[in-house]
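Structure assessment
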Amino acid sequence: MDGNLQTQWEKLNWKEAEASINRLQVRIAKATKEGKWNLVKRLQYLLTHSFYAKALAVRTVTQNKGKRTAGVDGEIWITPAAKMKAVHSLTDKRYKAKPLRRIYIPKPGKNTKRPLSIPTMYDRAMQALYAMALSPVAETLADSTSFGFRKFRSTHDACEYAFITLHNEHSAEWILESDIKSCFDSISHEWLIEHIPMDKSILKQFLKAGFVFNRHLFASDRGTPQGGVLSPILANMALDGIEKMLAEVFWKCPRGRINKPTCNTRKVNLTRYADDLIITADTKETAETIKEMLTDFLKIRGLESSEEKTKITHINEGFVFLGWIFKKYKGNLFVKPSKESIKRLNEKVGSLIKDAKAWTQDNLIQKINPIIRGWANYHRHVTSKRIFTRQDHILWNQLYTWGKRRHPEKSKIWLKYRYWHQEGNRDWIFETKDSRLMSLSDIPIVRHRMVILKKNPYLDQEYFEQRILGRKGEDKFPQSTLFHFPIFELPDTERV
């Protein structure tokens, strides 16, 4: 029997499966755009009961980083036979979600920890299945300036849009910075059940499953667990509507028609990445008004802004958003890596080098390169050239200290010829025969081309295909195909 299941899994035509589900998703997006909600409901039913969709859902949860992280039942799907058996077992009939396994993982760059709730493999697959049906609706109804947890959008798109709204000499000068307090853990279940267009009985199971921590079962009366495949989509849909709220007040023309380019005299613009958002305004008073409106908007959804992170700032003072600092100097807007981001990089690399007392030079280079390459690629679209050069100097000092600690009695000249080499006019290259430490200053600064805000990945596939390819290799997306299904990766237990 297992041999038969294994053969079925290995013979699945994934391209045909992706094409079939993609066609259904396109139809759902079109029906949503036209407001045909009965048709949306029927198409979602077709998708969630499709064999191909179930197979893709199982593949989704068995190919991400959390594929070996089990839920409360301790079950994982490793073999092809187990995966195929799971495909045949996925059903909404008498479905009851099991409690989630709660763990706590460190917040990046902080001493605090955040909760991560891990569903069972079966519940993960069910969430992935219903995420396929809900994603086209979420993308079609989303705020145009929302960039987090959305297909083919990134932090760089959010950065570029914020730059566009602030760089001009006549642009807004005041910024409301807001971070929603415990967004995932606080969203009202009642609001989600009433407003999210999907099977209500299944949604209730996802939301009310509860969690297990230290062998105790806890009920969940609010929030969407961080770790669920569906959670980012639900959180985004809960926060979508801020743009419409602002439009009704600030973008409306005298005759009642909404026209942002013509009637946005208060210079109000929203940029949101997940639960982190900024709203521009012409005066501090306008920003205060928006803050009150945002408080009322969030209250309906069971949310509130974090008092510590919510503030109104003048552009000349500068503000930090998504790891960059936006600040005007003599009327010119500059976007640079934030001090916190630079500090985290130096601490991470410094800690790695400190622990590498007995490592070979090759091992050290292989560990450092991915860290600085990832950091540089993130910041290569902003004003970073001088910072990259400075970081090279800091890294040189850290590596020289590493070499001196290994050979305390050797001279600087000896260390130079032992670990550093010359190539052409360039000196002090940290390399071996097999590996070479990359230089941050060699990375070119390239302006990011922002996604066209009105484009929908389900309805404008040709545009996104061209964008993925990138005319000159400038735009690189992790997705290599438009048949992209939601994957919210869980960490391996070893990594936790």
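For the structure itself, consult the block above.
Here we summarise the structure given alongside this text.

Rules of the game
Residues numbered from 1 in each chain as written. Predicted model: local features only at pLDDT ≥ 70, side-chain atom pairs only at ≥ 80, totals over all residues. Heavy atoms only, no water. Helix = DSSP H or I, 4+ residues; strand = E, 2+ residues; numbered from the N terminus. Buried < 20%, exposed > 50% of the residue type's maximum accessible area, 1.4 Å probe, protein only. Contact = heavy atoms within 4.5 Å. Areas by Shrake-Rupley, 256 points an atom, 1.4 Å probe, with all protein chains shown as cover. Lys, Arg positive; Asp, Glu negative; His and termini not counted. Charge placed at Lys NZ, Arg CZ, Asp CG, Glu CD. Core = buried A, V, L, I, M, F, W, Y, C linked by side-chain atoms within 4.5 Å. Disulfide = S-S within 2.5 Å. Phe/Tyr/Trp six-rings, centres within 6.5 Å; stacked < 30°, edge-to-face > 60°. Lys NZ or Arg CZ within 6 Å of the ring centre and 35° of its normal. Axes fitted to C-alpha atoms, helices over the stretch in contact; angles between N-to-C directions. Parallel < 35°, antiparallel > 145°, perpendicular 65-115°, else oblique. Left-handed = near helix turned anticlockwise from the far one by under 90°. Expected span 1.5 Å × (residues − 1). Nonpolar A, V, L, I, M, F, W, Y, C, P; charged D, E, K, R; others polar. Pairing = 2+ DSSP bridges. Salt bridge = Lys/Arg side-chain N within 4 Å of Asp/Glu carboxyl O.

**Describing the overall build of the chain**
Of regular secondary structure, the chain possesses 19 helices and 13 strands. In terms of principal-axis extent, the alpha carbons of the chain reach across some 75 × 70 × 50 Å. Out of the 496 residues belonging to the chain, those deemed buried represent 52%. In the chain, the share of contacts with a sequence separation of at least 24, taken over all contacts with a separation of at least 6, comes to 70%. Counting only carbon and sulfur atoms, one obtains 50% of the accessible surface of the chain, whose full area is about 25,800 Å². Counting 85 positive and 55 negative side-chain charges, the chain places the centres of these two groups 2 Å from one another.

**Some thoughts on the nonpolar core**
By size, the foremost hydrophobic cluster in this structure holds 83 residues, and its most contacted members are Leu-134, Ile-196, Met-198 and Leu-246. Looking at which element gives the most residues to this core, the answer is helix 6 (residues 121-141), with twelve residues. Look past the residues within four positions of Ile-196 in its chain and what remains in contact with it is Leu-134, Trp-191, Leu-203, Leu-234 and Met-237. Core analysis: the second largest hydrophobic core is formed by 27 residues, Ile-365, Ile-371, Trp-402 and Ile-443 among them.

**Section: the state of the cysteines**
Considering all chains together, one arrives at one disulfide under this definition. Here Cys-253 engages in a disulfide with Cys-263; their sulfurs sit 1.9 Å apart. On the S-S bond that ties Cys-253 to Cys-263, the torsion sits near 95°, and the link is right-handed. Residue Cys-253 is found in the loop between helix 12 (242-250) and helix 13 (260-263), and its partner Cys-263 is found in helix 13; the two are separated by ten residues along the sequence.

**A few points about the side chain of Ser-231**
Examined against the element boundaries, Ser-231 turns out to sit in helix 11 (residues 231-239). The class of Ser-231 is buried, set by a relative accessible area of 3%. With residues near it in sequence (within four places) discarded, Ser-231 still touches Phe-184, Thr-224 and Pro-225.

**As for the packing of aromatic side chains**
Counted according to the given criterion, the structure contains 24 aromatic pairs. With centroids separated by 6.1 Å and ring planes inclined at 75°, the aromatic side chains of Trp-402 and Phe-430 adopt a geometry described as edge-to-face. Linking Trp-402 in helix 17 (residues 385-406) with Phe-430 in strand 13 (residues 426-430), this pair joins segments that are 28 residues apart in sequence. Pair check on accessibility: Trp-402 and Phe-430 agree, each one buried. Grouping aromatic residues by their ring pairs yields a cluster made of Trp-396, Tyr-400, Trp-402, Tyr-419, Trp-420, Trp-428 and Phe-430. Above the face of the Phe-297 ring, Arg-301 is positioned so that its terminal group lies 3.7 Å from the ring centre. Over the ring of Tyr-463 we find Lys-455, and its NZ or CZ is 5.6 Å from the ring centre.

**Some remarks on the packing of helix 3 (residues 37-48) against helix 6**
Interaxial distance between helix 3 and helix 6 falls to 8 Å at its minimum, and their mutual angle equals 150°. Relative to helix 6, the element helix 3 lies roughly antiparallel. In this structure, helix 3 meets helix 6 at a crossing whose hand is right-handed. Contact residues: helix 3 offers Trp-37, Val-40, Gln-44, Leu-47 and Thr-48, while helix 6 offers Leu-129, Tyr-130, Met-132, Ala-133, Leu-134, Val-137 and Leu-141.

**With respect to helix 3**
With twelve residues, helix 3 should cover 16 Å at 1.5 Å per step; its first-to-last C-alpha distance of 16 Å lies within 8% of that length. The elements touched by buried residues of helix 3 are helix 2 (14-33), helix 4 (51-61) and helix 6.

**Observations concerning the packing of helix 4 against helix 6**
In the contact formed by helix 4 and helix 6, the axes pass within 8 Å of each other and the chain directions differ by 125°. When the axis of helix 4 is compared with that of helix 6, the two are oblique. In the crossing of helix 4 with helix 6, the sense of the turn from one axis to the other is right-handed. In contact with Ala-53, Lys-54, Leu-56, Ala-57, Val-58, Thr-60 and Val-61 of helix 4, helix 6 contributes Met-121, Arg-124, Ala-125, Ala-128, Leu-129 and Met-132. Looking at the contact of helix 4 with helix 6 residue by residue, the class counts come to ten nonpolar, one polar and two charged.

**Considerations on the sheet that holds strand 11 (residues 332-337)**
As summarised here, the arrangement of the three strands in space is 9-10-11, forming an open sheet in which the pairing is antiparallel. Two strands lie at the open edges of the sheet, namely strand 9 (319-321) and strand 11, each paired on one side alone. Each strand axis lies, on average, 30° off the axis of its neighbour in the sheet, ignoring direction. Pairing of strand 9 with strand 10 (residues 324-329), which is carried by three bridges, proceeds in the antiparallel orientation. The residue bridging Phe-321 from the neighbouring strand is Trp-324, located in strand 10. Packed onto the sheet, helix 7 (residues 155-166) meets strand 9, strand 10 and strand 11 and runs at close to 15° relative to strand 10.

**Some points on the pattern of salt bridges**
As enumerated under the stated definition, the model contains twelve salt bridges in all. For Glu-139, the salt bridge identified is with Arg-150, shortest N-O distance 3.0 Å. Of this pair, Glu-139 sits in helix 6 while Arg-150 is found in the loop between helix 6 and helix 7, placing the two residues eleven residues apart along the sequence. For the pair Glu-139 and Arg-150, a shared accessibility class is recorded, and that class is buried. Residue Glu-248 is joined to Lys-252 by a salt bridge in which the shortest nitrogen-to-oxygen separation is 3.0 Å. Three or more residues joined by partner-sharing salt bridges are found here, namely Glu-423, Glu-431 and Arg-436.

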